[in-house]
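The primary structure of each chain is shown beneath.
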Amino acid sequence: MKDIMTAPFMTEMIRTTTNMYNHGWDERNGGNVSLLLDQNEVAEYLDISAVIRDIPTGFDAPELQGKYFLVTGTGKYFKNIQYAPEVNLGLVRLTDRGARAELLWGFADGGRFTSEFPAHMMSHAARLSVNPENRVVMHCHPANLLAMTYVHELDAKKFTRTLWQMCTECIVVFPDGVNVLPWMLCGTNEIGVATAEEMRSARLVVWSQHGIYGAGADLDETFGLIETAEKAAEIYLKIAHLPLLNTITDSELWQLAHHFNVVPREGYLEKE
Ligand code: 2HA
Ligand code: ZN
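Thresholds, definitions, all that
- Residues numbered from 1 in each chain as written.
- Chains lettered and ligands numbered in written order.
- Predicted model: local features only at pLDDT ≥ 70, side-chain atom pairs only at ≥ 80, totals over all residues.
- Heavy atoms only, no water.
- Helix = DSSP H or I, 4+ residues; strand = E, 2+ residues; numbered from the N terminus.
- Rg over C-alpha atoms; globule rule 2.2 N^0.38 Å.
- Buried < 20%, exposed > 50% of the residue type's maximum accessible area, 1.4 Å probe, protein only.
- Areas by Shrake-Rupley, 256 points an atom, 1.4 Å probe, with all protein chains shown as cover.
- Lys, Arg positive; Asp, Glu negative; His and termini not counted.
- Charge placed at Lys NZ, Arg CZ, Asp CG, Glu CD.
- Near = heavy atom within 4 Å.
- Polar contact = N/O pair within 3.5 Å; in protein donor to acceptor, adjacent residues only side chain to side chain.
- Nonpolar A, V, L, I, M, F, W, Y, C, P; charged D, E, K, R; others polar.
- Donors = N, O, S within 2.8 Å, 3.2 Å for Na, K, Ca; no water.
- Phe/Tyr/Trp six-rings, centres within 6.5 Å; stacked < 30°, edge-to-face > 60°.
- Contact = heavy atoms within 4.5 Å.
- Pairing = 2+ DSSP bridges.
- Axes fitted to C-alpha atoms, helices over the stretch in contact; angles between N-to-C directions.

A. Summary view of the overall build of the chain. For the chain, the count of helices and strands is 11 helices and 9 strands. Computed over the C-alpha atoms, the radius of gyration of the chain is 19 Å, within 12% of the 19 Å expected from 2.2 N^0.38 for a compact globule of 272 residues. Here the chain holds 272 residues, and 54% of them are scored as buried. Within the structure as shown, the chain displays about 12200 Å² of accessible surface, and the carbon and sulfur contribution to it stands at 51%. Counting 22 positive and 35 negative side-chain charges, the chain places the averaged centre of each group 2 Å from the other.

B. Focus on the site of ligand 1. Taken together, N29, G30, G31, N32, E116, H139, H141 and H210 are the residues near ligand 1. At 2.7 Å, a side-chain N or O of E116 approaches an oxygen atom of ligand 1. For ligand 1, an oxygen atom lies 3.3 Å from a polar atom in the side chain of H139. Broken down by class, the residue content of the shell around ligand 1 amounts to no nonpolar, 7 polar and 1 charged.

C. Region of interest: the coordination of the zinc ion (ligand 2). All of the protein donors around the zinc ion (ligand 2) are H139 (NE2), H141 (NE2) and H210 (NE2); their distances to the metal are 2.1 Å. One chain supplies every donor to the zinc ion (ligand 2), and in sequence these donors are spaced H-x1-H-x68-H.

D. Region of the structure containing the packing of aromatic side chains. Here the structure, examined in full by the defined rule, presents 6 aromatic pairs. Taking 4.6 Å as the distance between ring centres and 35 degrees as the angle between the ring planes, the aromatic pair formed by W207 and Y213 counts as tilted. Considered together, W207 and Y213 belong to a single accessibility category, that of buried residues.

E. Structural detail: unusual backbone geometry. Even without being glycine, R28 reaches a positive phi, approximately 45 degrees. In this fold, R28 is placed in the loop between α1 (8-22) and β1 (32-37). Owing to a relative accessible area of 54%, R28 belongs among the exposed residues under this scheme. Positive phi, close to 55 degrees, is recorded for D96, a residue that is not glycine. Owing to a relative accessible area of 41%, D96 belongs among the partly exposed residues under this scheme.

F. Main features of the side chain of D176. Mapped onto the secondary structure, D176 falls in the loop between α8 (170-173) and β7 (178-181). For D176, the side chain forms a polar contact with the side chain of R203, separated by 3.0 Å. If near-sequence neighbours (up to four positions away) are discounted, D176 is found in contact with S201, A202, R203 and R265.

G. Main features of the sheet that holds β1. In space, the 9 strands of this open sheet follow the order β2-β5-β4-β3-β1-β6-β9-β8-β7, with mixed pairing throughout. Looking at strand neighbours, the two that pair on one side only are β2 (53-56) and β7, the edges of this open sheet. With strand direction ignored, the average angle separating the axes of adjacent strands in the sheet is 25 degrees. Direction of pairing for β2 relative to strand β5 (residues 100-106): antiparallel, over a ladder of 4 bridges. Bridge pairing links I55 to A101 in β5.

Given below as structure tokens:
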């Protein structure tokens with residue numbers, strides 16, 4: 001059996017969560033990440049029949065039966081993950097139609113997965129139904145996106161168009177746009193269901209006055225998705241109070257879409 005600390009999924013998770021902390025996206029215990037793993041990948045590093053303990057999840061997700069996730073722990077600080085991964089992360093297998101998680105590694109101080117586990121798992125199921133390559137769900141509290149939800153309309157089309165107009169690359173990175181949920185109580189199955197519903201049509205879902213969810217095929221891609229939206233929100237906050245003299249027009253956004261071979265969210269740009 002190989003040492004799990006040498007597994008690419010482990011080193012990438014540690015590097016990414018450290019990077020998120022260093023970007024200021026995950027103050028205190030803010031944020032959570034879950035990474036879907038293949039059974040074969042896990043079996044290289046762990047005896048998959050050795051269950052440490054059972055943790056109830058409180059939801060039903062039959063699509064995720066038997067699936068393995070590396071996930072951040074509840075109440076844990078991203079800044080500490082690199083120093084004590086075995087305490088701050090856990091590797092679980094969902095069983096009983098998703099109602100229970102079998103702990104195979106980690107949460108060494110008796111901890112459990114993030115309070116946002118329902119939103120993560122339901123989002124994985126939603127993304128997998130539209131993209132079988134999806135592996136990552138990432139949540140964090142980037143300051144500019146969060147600030148934007150106080151001063152910008154929360155309509156998904158308007159919010160997306162504003163972000164697309166802030167940096168040339170945005171429409172290429174997230175042509176599916178950004179969906180936006182109103183303020184809701186976090187850590188509940190209700191916000192999990194609502195987030196997953198929004199995840200069917202976009203890989204970014206803003207939680208107003210709270211943060212953002214991103215999904216993608218790997219940690220780098222998902223980090224980059226949030227990073228790009230956050231940069232656009234930063235530009236917006238720098239210019240929103242100034243007279244607007246220039247923008248990226250819809251015709252220019254179409255040029256980008258054609259040149260980079262992406263399909264902008266239907267109905268979000270004026271017809272060509
Ligand atoms: O505490 O970010 O949404 C972790 C969170 C909850
Ligand atoms: Zn949060």
